[in-house]
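# Secondary and tertiary structure notes
Residue strings, one per chain:
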Amino acid sequence: MPVLETDLDLRSSSAMDNRSAMLRRLDELTEALEQARAGGGDKYVTRHHARGKLLARERIELLLDRDAPFLELSPLAAWGTDHSVGAGVVTGIGVVEGVTCMVIANDPTVRGGAVNPYSLKKTQRAGEIARTNRLPMINLVESGGADLPAQAEIFIPGGGVFRDLTRLSAAGIPTIAVVFGNATAGGAYVPGMSDYTIFVRDRAKVFLAGPPLVKMATGEDTDDESLGGAQMHATRSGLADFLAEDERDGIRLARACVARLNRGSALPGMSPPPKYDPEDLLAIPSADLRVPFDPREILARVLDGSEFDEFKPAYGTALCTGWGRIHGYPIGVLANARGILFSQEAQKAAQFIQLANSSRTPLLFLQNTTGYMVGADYEQAGIIKHGALMINAVANSTVPHLTVNIGASYGAGNYGMCGRAYDPRFLFTWPNAKSAVMGPAQLAGVLSIVARQAAEAKGRPYDEEQDAQMRAMVEHKIDKESAALFLSGRLYDDGVIDPRDTRTVLGFCLAVVQADTAVVQSDSERAGYGVFRM
Amino acid sequence: MIKRLLVANRGEIARRIFATCRAIGVETVAVYSNADADSPHVAEADFAVNLPGNAASATYLRGDLIVAAALRAGADAVHPGYGFLSENADFAQAVVDARLTWVGPPPKAIALMGSKLEAKALLAEAGVNMLPSHTDPDEVDVFPVLVKASAGGGGRGMRVVRDRESLAEAVASARREAASAFGDGTVFCERYVEGARHIEVQVLADGFGNVVTLGERECSIQRRHQKIVEETPSPAVTPTLREELCAAAVIAAQAVGYVGAGTVEFLLSPSGEFYFLEMNTRLQVEHPVTECVVGVDLVRLQLLVAEGDALPFDGPPPLRGHAIEARLYAEDPASAWAPSTGTLHRFAIPGVSHAFGPLPVPGLRLDSGVGDGSVVGVHYDPMLAKLIAWGPSRAEAARLLSTALAHARIHGLKTNRDLLVRVLRHPSFLAGTIDTGFLDTHPEVFAPLLAGVDATRLSCLAAALAGSAQRSAASSLPSGWRNVPSAPQRVAFEGPTGCLEVSYRLDRSGALAEWSVRPVDRDEAGLPGAAGGASPHDHPPAAIVSAAPDRVVLDVSGIRLSYAIHRVDGVSYVDSSEGSVTLTELPRFPARSAEASAGSLVAPLPGAVTRVLVVPGQRVSAGDLLLTLEAMKLEHAVHAPAGGIVADLRVGPGSQVETGTLLAVLNPD
């Protein structure tokens, strides 16, 4: 296979500028992740440890196989909102007893692990990934339930969490809940709907209503242990399948459950690394998004052995398509080469996507597009028709899609290049990337033109000073709302990643999506219900 | 001429004798107990005969079986090696009576020298210097004295007594031990000389009356009267003294009509006088040092004399350079020399150029009875091997021997290796100022070789990284990769100084991003949380050069260090140029559920109590039957889940119980 060449000169001023710009973005990312890791802050972390409890990430670290990778998902959920970064829950894909699993852990240091709209969205996204990739799900539960001030936004949609759990079970995807503390009211249905439940002695508290509510409802005087203690559930109600002596014992039991699931491992095997240093990836994306860059320089640092077979290299050259491998998995790549998508590019993409479907090869979209070409000539040549062709192919393609936004993702280009709405199995963003209906300057300019036209139509004079102010404000707002951290905070991707981790992230994701093709069971073989808890 | 030789022994000495046999074309016959069926000495022999059983008394000490084995296997000669029947005159006689060639002195000489009391009396008459001794403890007038068994050797039954009050008890216990070990309870009290050295002379005699001496050996480094480091020449012996010692040794050999190889042992007092102790009528364990400096094969000479030939010497041969032998034992010096048994997973000593025979040029010789995978049991002497260094000077020999021992890979058993290295490197040893009390006066030699906090930490880190490399070997994803790094990987080991937890985190390129090694409580080992894993400031900066499951190379403050890791069932043996350490990985998830269920015993189902077999206050062991229940015509037994005391009994025969009814309370041990 042809090996990609590189033209990168690390000593050039543009490379050095690009690199320093990227390092600034990475500093912001590191800071944001630091906030996510800090959970509820020192005070609550100290209190939690003082109670002899482990933090959400500590529980996960103990659960995972030693030295196996863990891909945390949506770590920046709720960034830029009033809620804590990370949204009080940690989700991710890791390896437990050699089995790749989805792990969801409440962070009890953040408002007692209470669920807010972002935690709900994050949890549901994790559930969706588990379902589409058939990953066993392990819930590490300690949550006070709904964040009451936000109940209006979460109560009704929140029921979907329990629905999804039992649907996983019905689909033959195992679900395991380890209860470390509170799981009351609605939260009680997390263990309630799980295939396997493990309750930690003297810690788990699982009931529909606590002593005060019971007193109000029926007048009965009772206590936490009688209503929902681990011992009670293990010996009387049967809600707990296993009684753990402490947190570590609970995690041991969860691992033991996974070991008996009769599932194999799906980590990538050995493969040749790229020929070029992934460190260079920091110097390739342009510091100024308006300057396009060659995605082959990226592919040369992501694909196995830097090998890439380009398809239709001389046709529709603003979109690069071709075949390669990542960590041994075959992949078809669509990467924007010069921002704009023309008719040729759209047709080339549609053909390429069909070829990948024909050979059941997963697709990787590297987004760096300002959208489909505009203008009278292009409209007349059928740019909408051709764009629709591409969007049709993307929307109805049935092979797994992985999307990475490595620069810009504007306009309908976001759709054609498999943006969030087109359900890629995974979507990650580089810290430099932006996404919006259009660029901030263009959007402000459009608003300005429209306002000027309205003023003219009404015969009023146009206030240029006010216009300049408006344009600056809009540009600033749009710029902020297009940024990677902001969009990640709203769960429009599965995480912002360090460009140097791209190959690892994609390899891990390909292992996850491949696992599904290996283990698909037809619906007719399965019972129509989740496992009934007895 | 001997055609086929049976060696009535096992381990390294059997292999040693076989090696000479192979070199001169004599066929070999091994005998072996059941436990030794897979031993190297059996594999190396041309023929092998089983001695059923394991105890020495049922196997290697059964002269009748061994003579029968020799006849059955068509052997025409028997070599006894050392120990076992080597100094048993009856056995020697039985061999001779079976018309087999006995490779050893005449039975009469063995018998004479076998009784230390008789030997002393005989040689005193011949004019050899003796320490005063008494068979009647009441006659002892000067203390301290050494209580010794008249029969036997190897330090068994010996006791130093410093005052009259403890003498009677010491004599009584020495008698008991001698009676049980040698079948002869005769003991005597000999003047004990403080600070004395053990010097012995190798003699060879043929049937024509020729007696030659092959220099002396010093064996002053002893543990409990058992030699562990031996050398020749002795730094304490001047040419004049050597002449005197050798002359005395010749007198001793001639006095008993000695034929073959033997050793005359002397005690050298700090003031320079020497006294006859005893004569060993066999090949000595430490014979290789003499072979090095004299340049002879003592076993070959033994066979030559046994075949009736004359010795090929006109006089004492010249001595060349210096040789030191160290005996490696499977025993723990730090735990009162407790023997260590089990599987020797690896036994490799670097730089060995020769085995089981004289070294052609200065270097290292290894005489070992074991190899990788050997099982060391409880039945026999725990000596694994002898390592011998021959060099131009004493200092060079000591350096070669200590370095080879320090770099040896000995896995699976506790050994005295570290102690040997510390002795060989000790300034007093190197200065030649040694005596038989060396280990008592230099307790510092008992310290483990791998000293220093950093050396231990780095060995632990290497073991952890080797484990990580093993677990990550199948995938090309970076080991322990995280997009949101939160905590390092943790592995806890039980090491020589307690529980140690290693934390390490690799970055995306496989470089060591952080690490620490800290002592932890066993309960907290491996648990993330309060303690954190950040690199403490006192850790030396370390970088990974390479990491594989069996070898980790680190760059520590600019110095490259290589660690060999051998892992067997969760135990990592880490060897490096800084020393060796054995690390047992602690389970990541200690089982908790079972232990906690001890205590209150509740009825597993509804029914009636039919029998109660315990009373409150009774001690029970795990699994003991406590009571029985009858339900639905079936009897259900309730057993003790753990050992303990029955603290409370809530039911009696006939009691009706429901599921969950408390039957008894057990206070676990």
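Cut-offs used in this document
- Residues numbered from 1 in each chain as written.
- Chains lettered and ligands numbered in written order.
- Predicted model: local features only at pLDDT ≥ 70, side-chain atom pairs only at ≥ 80, totals over all residues.
- Heavy atoms only, no water.
- Helix = DSSP H or I, 4+ residues; strand = E, 2+ residues; numbered from the N terminus.
- Buried < 20%, exposed > 50% of the residue type's maximum accessible area, 1.4 Å probe, protein only.
- Contact = heavy atoms within 4.5 Å.
- Areas by Shrake-Rupley, 256 points an atom, 1.4 Å probe, with all protein chains shown as cover.
- Axes fitted to C-alpha atoms, helices over the stretch in contact; angles between N-to-C directions.
- Parallel < 35°, antiparallel > 145°, perpendicular 65-115°, else oblique.
- Left-handed = near helix turned anticlockwise from the far one by under 90°.
- Core = buried A, V, L, I, M, F, W, Y, C linked by side-chain atoms within 4.5 Å.
- Domains from an automatic or database assignment.
- Pairing = 2+ DSSP bridges.
- Salt bridge = Lys/Arg side-chain N within 4 Å of Asp/Glu carboxyl O.
- Polar contact = N/O pair within 3.5 Å; in protein donor to acceptor, adjacent residues only side chain to side chain.
- UniProt positions renumbered as here; feature names shortened; annotations may be inferred.

Naming follows an unreviewed UniProt entry, where chain B appears as Putative acetyl-/propionyl-CoA carboxylase alpha subunit AccA2 of Planosporangium mesophilum.

For chain A, an unreviewed UniProt entry supplies the name Acetyl-CoA carboxylase carboxyltransferase subunit and the organism Planosporangium mesophilum.

## Topic: the overall build of chain B
Across its full length, chain B holds 16 helices and 40 strands. With respect to the principal axes defined by its C-alpha atoms, chain B has extents near 95 × 70 × 55 Å. The buried share of chain B, reckoned over its 669 residues, is 55%. Within chain B, contacts between residues separated by at least 24 positions form 61% of all contacts whose residues are at least 6 apart in sequence. Here chain B displays about 26,900 Å² of accessible surface, and carbon together with sulfur accounts for 53% of that area.

## Details of helix H9 (residues 287-294) of chain B
Residues and elements named next belong to chain B. Among the eight residues that make up H9, eight are buried, leaving the element largely enclosed by the rest of the structure. Restricting attention to buried positions, one finds in H9 the residues His 287, Pro 288, Val 289, Thr 290, Glu 291, Cys 292, Val 293 and Val 294. Phi for Gly 295, located one or two positions after H9, is positive at around 80 degrees.

## What to know about the packing of helix H12 (residues 343-358) of chain A against helix H14 (residues 383-396) of chain A
Helix-helix packing: each pair is described by the crossing angle between the helix axes and the interaxial distance. All names here are of chain A. Running from N to C, H12 and H14 cross one another at 20 degrees; their axes reach a closest spacing of 8 Å. Taken together, the axes of H12 and H14 are roughly parallel relative to one another. As for how H12 packs across H14, the hand of that crossing is left-handed. Taking contact as the criterion, the partners of Ser 343, Ala 346, Gln 347, Ala 349, Ala 350 and Ile 353 in H12 are, on H14, Ile 383, His 386, Gly 387, Leu 389, Met 390, Ala 393 and Val 394.

## Observations regarding the nonpolar core
Counting 77 residues, the largest nonpolar core has B:Leu5 and B:Phe429 as its most contacted members. The element best represented in this core is strand E23 (residues 383-391) of chain B, accounting for seven residues. A domain-level breakdown of this core finds at least three residues from each of domain 1 (4-103) and domain 3 (197-446) of chain B. By size, the runner-up hydrophobic cluster in this structure holds 75 residues, among which are A:Ala183, A:Val190, A:Ile331 and A:Ala335.

## As for the sheet that holds strand E38 (residues 644-649) of chain B
Residues and elements named next belong to chain B. With antiparallel pairing, four strands are arranged side by side in an open sheet as E33-E40-E38-E35. At either end of the open sheet lies a strand with only one pairing partner, and these are strand E33 (600-602) and strand E35 (619-620). When E33 meets strand E40 (residues 662-668), the two strands line up antiparallel, connected through three bridges. Looking across to E40, one finds that Ser 600 is bridged to Val 665.

## Regarding the pairing of strand E36 (residues 625-631) of chain B
All names here are of chain B. Counted residue by residue, E36 has five buried out of seven residues, so it is predominantly covered. For strand E34 (residues 607-612) and E36, the ladder comprises four bridges, and the chain directions are antiparallel. Following the sheet pairing, Val 609 is matched in E36 by Leu 629.

## So, the domain arrangement of chain A
A common way to express how large an interface is: the accessible area buried when the components associate. Residue and element names in this part refer to chain A. According to the domain assignment, chain A consists of domain 1 (25-259), domain 2 (278-437 + 483-514) and domain 3 (440-481). A C-alpha centroid distance of 34 Å is found between domain 1 and domain 2. Opposite the 30 residues of domain 1 that make contact, domain 2 presents 29 residues. As a salt-bridge pair, Arg 125 and Asp 494 come within 2.6 Å of each other at their nearest N and O atoms. Scanning the region where domain 1 abuts domain 2 turns up six residue pairs in polar contact (both at pLDDT 80 or more).

## With respect to the sheet that holds strand E39 (residues 656-657) of chain B
Backbone-to-backbone hydrogen bonds pair the strands of a sheet. The strands run either parallel or antiparallel. Spatial ordering of the open sheet is given by E37-E36-E34-E39 (chain B), a layout of four strands whose pairing is antiparallel. Edge strands, defined here as strands with exactly one partner in the open sheet, are strand E37 (634-639) and E39 of chain B.

## Description of the environment of B:Ser115
All names here are of chain B. Within the fold, Ser 115 resides in the loop between helix H5 (107-114) and helix H6 (116-125). Judged by its relative accessible area of 16%, Ser 115 falls in the buried class. Each C-alpha atom, one on Ser 115 and one on Asp 36, is 32 Å from the other, the two residues being 79 residues apart in sequence. At 3.4 Å, the side chain of Ser 115 and the side chain of Ser 150 are in polar contact.

## A short note on the UniProt feature "domain: CoA carboxyltransferase C-terminal" (unreviewed entry) in chain A
Cross-referencing UniProt, the feature "domain: CoA carboxyltransferase C-terminal" (unreviewed entry) maps to residues 25-273 and 281-525 of chain A in the present numbering. Along residues 25-273 of chain A, the helical share is 43% and the strand share 18%, with 26 Å between the first and last C-alpha atoms.

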